[in-house]
Amino acid sequence: MSTLAATLAAVDPVPWARGQMAFTLAFHIILVPLGVSWAFFTLIANYRALKHDDRDALLLAQRWSKYMAVTFAVGAVTGTVLSFEFGLLWPRFMGQWGEAFGIPFLFEGIFFFTEAIFITIYIFGWRRLRPWTHFWTGVPIVLAGIFGSASVVAANAWMNAPTGFTLDSSGTIVDVDPWRVIFNDAMPLQAAHMIIAAYIVGGFLVASVYATGMLRGRRDRYHRVGFIIAFSVAAAMTPVQLVVGDALARWVYDNQPAKFAAIELVPETASDVPETLLGRLNDDGTVSGGFAIPGLASWLSDPSSGRDTVVQGLDAFPADERPTTRQVNIVHLSWDVMVGLGTLLFLLSVWYGLVWAVRRRMPRSKWFLRAAAASGVLAVITMEAGWVVTEVGRQPWIVYGHMKVEDAATSNTGVWIMFVAVVLLYTALGVTTVLVLRGMSRRWRRGDCFTDDDAPYGPRAPAGRAPDEQEVAP
Amino acid sequence: MSTAVAIVLMVAIVAYAVFAGADFGAGFWDLVAGGAGRGARPRAVIEHSIGPVWEANHVWLIFVFAVLWTSFSQAYASITLTLFVPLAIAALGIVLRGAGFAFRKSVQRVEYRRVFGAAFALSSVIVPYALGSIAGAIASGRVPAGGRAGDPVSSWVNPTSILGGVLAVAAVAYLAAAYLVWDARRLSDAAMAAYFRRRAVAAAAAVAVIAAVGVFVLRADAEYVFDGLTGRALPLVILSVACGIGALVLLVRDAARGGRLLAVGAVASIVAAWGVAQWPYLLPESLKVSAAAAPDATLITVLVVVGLAALVVLPGFVLLYVLDQRGLLPEESS
Ligand code: HDD
Ligand code: HEM
Ligand code: HEM
C-alpha cells in the first residue's frame, strides 16, 4: 500500500498536464466552429425566409438555432474547464505571465457573454418579436463569435510572439502594454486563419449532415437549401484560407525558425531545400522515406530569392531549444495532413463552383455527395492538425523564448487522476451530444412540430405542464 | 487602483454567488424532491424557474479567474497550487451540471431525463460545497503567498472550509427556495408555493444554525476574518441578518413581493462581508491586495473591460429580461 502511494506520488505531472490540456482543447475546438459559424448560416436562412417567403428556409433557421443552443451549451462548459485548467495545470505559467497573457481573456468574457445572451434572445424571439427585429437580434451572435475567437487566439498567438511587457532583472513583469499584448505580431494572421477555419469547419460539418441525408434519398428542397447555404460559405472560404495559410507559414519562417524546420523536416541549414511529403526524421538527423520535391520549400519560404533561400535547419538550435525528434515527426505529419486535406477541400469546392457556373445548380452525382458527406470530418481533422502544428511545433517553449513547459507545470502529482476523470467525462459528453442532436432531428422529422421550449437557453416550458407529459405528443 | 480592481473582483464574486447560487440551489431542491411520481410537480416548477442565461452564469466565475490571473497572478498561482483538489472537483462538477442542463431539455424519454436530471442535481450540490470550502481555505489563511503550494489536504479539509462548504450549500438552497416560491406564485400554483415556502423557512433555519455554529468555528480557526466580521464588516453582517429575517417574515406571512429581493440581499451582503473582513489582505495575513497587484496598465485594462462590459452586455441583458417577463404572459403560454 505504501509502495503504491509512493509510486503514485512519484508520477511526473508534466506529461499528464500536457495530455490533459491537449485533450480538452482538442475537444473544445470542435465545438468552437459551430458556435462561431452556425449563427451566420442561420441568419442566411432567416434572411431568405423573410425576403422570399421561403418556408423551407424558415424551418431550417428555426431548427438550426436549436441545435446551435445545444452545441453552444456544451462549448460553454468545456470552455469553463479550460479556464480552470490554466491555473490547475500551469500555475507557474499563470503566476509569472498572467498579467500579460491573461488580458485577452478579459475581452473574451465580454464577447462570450454577449453571445450567450443573444442566442437566448434569438431563440426566445421566434414567436415574440417582429420578424425583422428578430433577424437583427441574431447579428450580435455572429459578431461576438468572431471577436471572441479573435481574443482567445490573441492569447495563443502571444505565446508564439510574446510582446507588450517589460521585465526587471529578476524576470518579473514590471510594466505591460495591453495593446501590444493583444495585437502581438502573430495575432492578425493567426486570428484570421482560425476564424476562416471556423467557417470552413462549421460549413462542411453542417453540409455533410444534409449530404448524408440526400444520399439516403431525402432529396427534397429542404435538404438542398440546408446543404447549399452551409456548403457555399465553406467553399468560398477555402481559397482564402490557402492564401492566409501561406502567409502564416512565411511568418513562421521569419519568426519561429525551429518550428519551421520541424514543419518542413529540415535537419541541416541549407539552401535549395526540398519540400518533403511524408517521411520521417531519425534520431541521427537523417530523413528517411517520403517524396522530396526539389527546392520547393526554399522557394515557398521566400519566392523572391527562389531556390536560393536559406532555410535554417534543426541543427541551428541547441537540442534543448527545439522540438525533440518525436515532436518533429508529429509536427511534420500534422502539417502534411493539414495542407493535404486543405487542398482536397479546396478541390471539392472547385468542383462545386464549376458545376454551379456551368449548370446553375449544385452537383447531384453520388460521388460528389459522398465527398461532401465526408468533408465535415475531414475539415475537423484539418483544423486539429493545424493546432498540433502550432502547439507541438512551439515545444519546448510555453512562452516562446521565455519559459519552458516543464517550468510552467503544476507540482501536483495527482494530475493523472483528473486526466482520467476528464477523459471519461468528455467521452460521455461527446457521445451524448451527438445522440441528443440526432434525437432532435429524428423527432422533428417525425412530428414536424415547432416548439421553442425544448432547447437549452430557450424559454421556460409553459406553465403547469410536467416535463413527462410532453412524451404523449406525437 | 488595486483597491478598485479588488472591488470589481468582489462584485463579480457576489454576482456569481447570487446568479449561479440560485441555479445551484434549484438543483438541490431537484435532488431532494423525491421519486419520479412525488417529485414531478416540484420539478416542473424548478424546470420552469431555471434562469434563461443559466450556464452563461459561469461567465461570472470565469471573469473572477481572469481578474485574478491578470491582476493578482502570484496569489492565483498559490490558490490553484494549494487547492487543486476542490478546484478540480468544481470543474468536473460544472461539466456534469452543464451537460445535464443542456441535454435534459432536449431529450424526451423519461429514463433519459432522469439520468440527466440526476447528474444535474448531484453536481449542483457538490460544486457549491467545493467553492465554499475554497473560500474557507482562503479566509482561514491556509493559502500561502508567493506562488507556493500549501497543504494539499488540510487546506480544504478543516473547520473553516467545512463551514464554508456547508454554508454555501444551505445558502444557495435558501436563495433558490425563495425564488421558487415566487415562481410557483407566478404559475398560480398555490400548493407548490406553500411547498417551497416551507422549504425556504427550513433552509433559512439551517443557515441560521450553521451561521451560529460558524461564529465559534471562525473564532477558533480564522481569527483575522472573525475580527473583521465582528469589527469592520459588522454593518454588513447585520444587514445580512436583517435581510434574512425580513425575507423570512415576508415568506411566512405569504407577502406578495419583496421576499425574493431580501433573500438576495442576505446572501450578497454576507459574501461582501467576507471580503470586507479580510481587507486589506487578499490572502489573509500573508498577502495584501496592494502588494499582490499587477502593473497599473493591466489593472486599468481590467477597469476598461468592466466599463465596456457595462456598455455591451447590460443592454442585452435588459432586453432579455423584458422578453422573459413578457413571454410568460398567460395567453402566450399554450
Ligand atoms: C480548416 C482548417 C484549415 C485549413 C484548410 C488550413 N489550415 Fe492552417 N491551421 C488551421 C486550420 C487550417 C488552424 C487549426 O486553425 C491553425 C492552428 C492555429 C491557428 O491559428 O490556425 C492552423 C495553423 C497553421 C500554421 C501554424 C501557425 C503557427 O504555428 O503560428 C501554418 C503555418 C498554417 N496553418 C498554414 C496553412 C497552409 C499553408 C494551409 C494550406 C493548405 C492551411 N494552413 C490550411
Ligand atoms: C487559444 C487557444 C490555445 C491556447 C491558449 C493554448 C495553450 C496551451 C498551453 C498553455 C499548453 C501547455 C504548454 C505547452 O505544452 O506548450 C498547450 C499545449 C498543447 N496544446 Fe494548446 N492552446 C490552445 C489551443 C489548442 C488547440 C485548439 C489544440 C488542439 C489540438 C491544442 C493542442 C495542444 C497540444 C497538443 C499541446 C501539448 C503540446 C506538447 O506538450 O507537446 N492547443 N496549449
Ligand atoms: C485555452 C483556450 C481556451 C479557453 C480558456 C476558452 C474558454 C472558453 C470559455 C470559458 C467558454 C464559455 C463561454 C460561455 O460560457 O459563454 C468558451 C466558449 C467558446 N470558445 Fe473557448 N476557450 C479556449 C479556446 C478557444 C479557441 C481556440 C477558440 C476559437 C478559436 C474558442 C472559441 C470559443 C467560442 C466561439 C465559444 C462560444 C461557445 C461555443 O461556440 O461553443 N475557444 N471558451
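Within every chain, residues take consecutive numbers counted from 1 along the sequence as written. Each chain is given a letter, starting from A, and each ligand a number, starting from 1, according to the order in which they appear as written. Per-residue local features are limited, in this predicted model, to residues with pLDDT of at least 70; the limit for side-chain atom pairs, both in listing and counting, is 80 or more; totals at the level of whole chains, interfaces and linings are taken over all residues. Excluding hydrogens and water, the side-chain figures rest on all heavy atoms present in the structure.

*Asks:* What's the story with the overall build of chain B in this structure? I'm lost.
*Replies:* For chain B, the count of helices and strands is 13 helices and 2 strands. We call a residue buried when its accessible area falls under 20% of the maximum for its residue type, exposed when it is over 50%, and partly exposed in between, using a 1.4 Å probe and counting protein chains only. Counting every position in chain B, which comprises 334 residues, the buried fraction comes to 58%. Here the analysis covers contacts within chain B between residues at least 6 apart in sequence; of these, 79% occur between residues at least 24 apart. To be clear on the numbers: accessible area is Shrake-Rupley with a 1.4 Å probe, and residue cover counts the displayed protein chains and nothing else. As presented, chain B carries roughly 12,900 Å² of accessible surface, and 72% of it is formed by carbon and sulfur atoms. Strands are runs of DSSP state E lasting at least 2 residues, helices are runs of H or I lasting at least 4, and numbering of each runs from the N terminus. It only takes one pair of heavy atoms within 4.5 Å for two residues to be counted as in contact.

*Asks:* Any chance you could explain the coordination of the iron atom of ligand 1 here in plain terms?
*Replies:* All names here are of chain A. Within the protein, the iron atom of ligand 1 binds to His193 (NE2) and Met338 (SD); these donor distances fall in the range 2.1 to 2.4 Å. Each metal site is built from N, O and S donor atoms within 2.8 Å (3.2 Å for Na, K and Ca), and since water is not included, such sites may look incomplete. For four-coordinate sites, all angles between 85 and 135 degrees define a tetrahedron; for four- and six-coordinate sites, opposite donors beyond 155 degrees with the remaining angles between 65 and 115 define square planar and octahedral shapes respectively, and all other cases count as irregular. Bound by 6 donor atoms, the iron atom of ligand 1 shows angles of 85 to 179° at the metal and therefore octahedral coordination geometry. Pair noted here: His193 is in helix 9 (residues 187-215) and Met338 is in helix 13 (residues 325-359), with a separation of 145 residues, a long-range link. Among the residues examined, His193 registers a relative accessible area of 17% and is labelled buried. Taking relative accessible area as the criterion, Met338 reaches 18% and is therefore assigned buried.

*Asks:* Explain the site of ligand 1 to me, please; I cannot follow it from the model alone.
*Replies:* Residue and element names in this part refer to chain A. Residue proximity to a molecule or strand is established when one non-hydrogen atom of the residue lies within 4 Å of it. For ligand 1, the set of nearby residues contains 24 residues, the closest of which are Gln190, His193, Lys259, Met338 and Met383. Between ligand 1 and Lys259, the relevant distance is 2.7 Å, taken from an oxygen atom to a side-chain nitrogen or oxygen of the residue. Counting residues per element, the ones that place at least two in the shell around ligand 1 are helix 9, helix 10 (221-255), helix 13 and helix 14 (366-393). No other element matches the 7 residues that helix 10 contributes to the shell around ligand 1. Its residues placed into classes, the shell around ligand 1 shows 13 nonpolar, 9 polar and 2 charged. We call two N or O atoms a polar contact when they sit within 3.5 Å, provided that within protein one can donate a hydrogen and the other can accept it, with sequence-adjacent residues counted only if both atoms are side-chain atoms. Ten residue types, Ala, Val, Leu, Ile, Met, Phe, Trp, Tyr, Cys and Pro, are classed as nonpolar, four, Asp, Glu, Lys and Arg, as charged, and the remainder, Gly among them, as polar.

*Asks:* Could you clarify how one ought to interpret the packing of aromatic side chains in this entry?
*Replies:* Two measures describe an aromatic ring pair: the distance that separates the ring centres and the angle between the ring planes. Working definition: rings of Phe, Tyr and Trp (its six-membered ring) pair if their centres are within 6.5 Å, and the pair is stacked with planes under 30 degrees apart, edge-to-face with planes over 60 apart, and tilted otherwise. Inspection of every chain in the model, using the stated rule, returns 45 aromatic pairs over all chains. With 5.7 Å between their ring centres and 90° between their planes, Phe105 of chain A and Trp69 of chain B make a pair best called edge-to-face. Remark: Trp69 of chain B occurs in helix 3 (residues 58-71) and Phe105 of chain A occurs in helix 5 (residues 103-125); the pair is interchain, linking two chains. Accessibility classification places Phe105 of chain A together with Trp69 of chain B in one group, the buried group. Members of the aromatic cluster, joined through ring pairs, are Phe84, Phe86, Phe93, Trp97, Phe101, Phe105, Trp158 and Phe165 of chain A together with Phe65, Trp69 and Tyr76 of chain B. Looking at Lys404 of chain A, its charged tip hangs above the ring of Trp397 of chain A, at a distance of 5.2 Å from the centre. A cation over a ring is seen here: Arg199 of chain B above Tyr195 of chain B, with NZ or CZ 3.6 Å from the ring centre. Cation placement over rings: the criterion is NZ of Lys or CZ of Arg within 6 Å of the ring centroid and within 35° of the ring normal.

*Asks:* I tried to follow a positive patch on the surface on my own but got confused; where do I start?
*Replies:* A surface patch of positive charge is lined by Arg219, Arg224, Arg364, Lys366 and Arg370 of chain A. Tracing the chain through its elements places Lys366 of chain A in helix 14. Residues form patches when they are more than 30% accessible in relative terms and have no salt bridge. Like charges link within 9 Å. Nonpolar side chains (Val, Leu, Ile, Met, Phe, Trp, Tyr) link within 5 Å. Criterion for a salt bridge: a side-chain nitrogen of Lys or Arg within 4 Å of a carboxyl oxygen of Asp or Glu. In this tally, Lys and Arg are treated as positive and Asp and Glu as negative; His is ignored, and so are the chain termini. A charged residue contributes its charge at one atom only: NZ of Lys, CZ of Arg, CG of Asp or CD of Glu.

*Asks:* Got a minute to help me understand the pattern of salt bridges in this structure?
*Replies:* Note on pairing: side chains with opposite charge can pair once their charged atoms come close. Residues and elements named next belong to chain A. Throughout the structure, instances matching the rule amount to 7 salt bridges over all chains. Of the charged contacts in the structure, one is a salt bridge between Arg394 and Glu391, with a shortest N-O distance of 3.1 Å. Classification of Glu391 as partly exposed rests on a relative accessible area of 21%. Residues joined in a network through salt bridges with shared partners are Arg48, Asp54, Asp56 and Arg221.

*Asks:* What am I meant to see in unusual backbone geometry here?
*Replies:* Note: most peptide bonds trans; most residues except glycine with negative phi. All names here are of chain A. Of note, the bond from Gln395 into Pro396 is cis; its omega dihedral lies within 30 degrees of zero at 0°. Relative to the elements of secondary structure, Pro396 occurs in the loop between helix 14 and strand 7 (397-399). Phi angles above zero are rare outside glycine, and Asp53 is one such case at about 50°. Mapped onto the elements of the fold, Asp53 is located in the loop between helix 2 (13-52) and helix 3 (55-89). Residue Asp53 is classed as exposed on the basis of its relative accessible area of 65%. In this structure, Arg360 is a non-glycine residue whose phi angle is positive, near 60°. Its location among the elements puts Arg360 in the loop between helix 13 and helix 14.

*Asks:* Sorry, what's going on with the environment of Thr80 of chain A here?
*Replies:* Residue and element names in this part refer to chain A. By the element assignment, Thr80 lies in helix 3. Note on Thr80: relative accessible area 3%, which makes it buried. When the C-alpha atoms of Thr80 and Thr343 are compared, they prove to be 34 Å apart, with 263 residues separating the residues in sequence. Looking at Thr80, its side chain comes within polar contact range of the main-chain oxygen of Ala76, at 2.7 Å.

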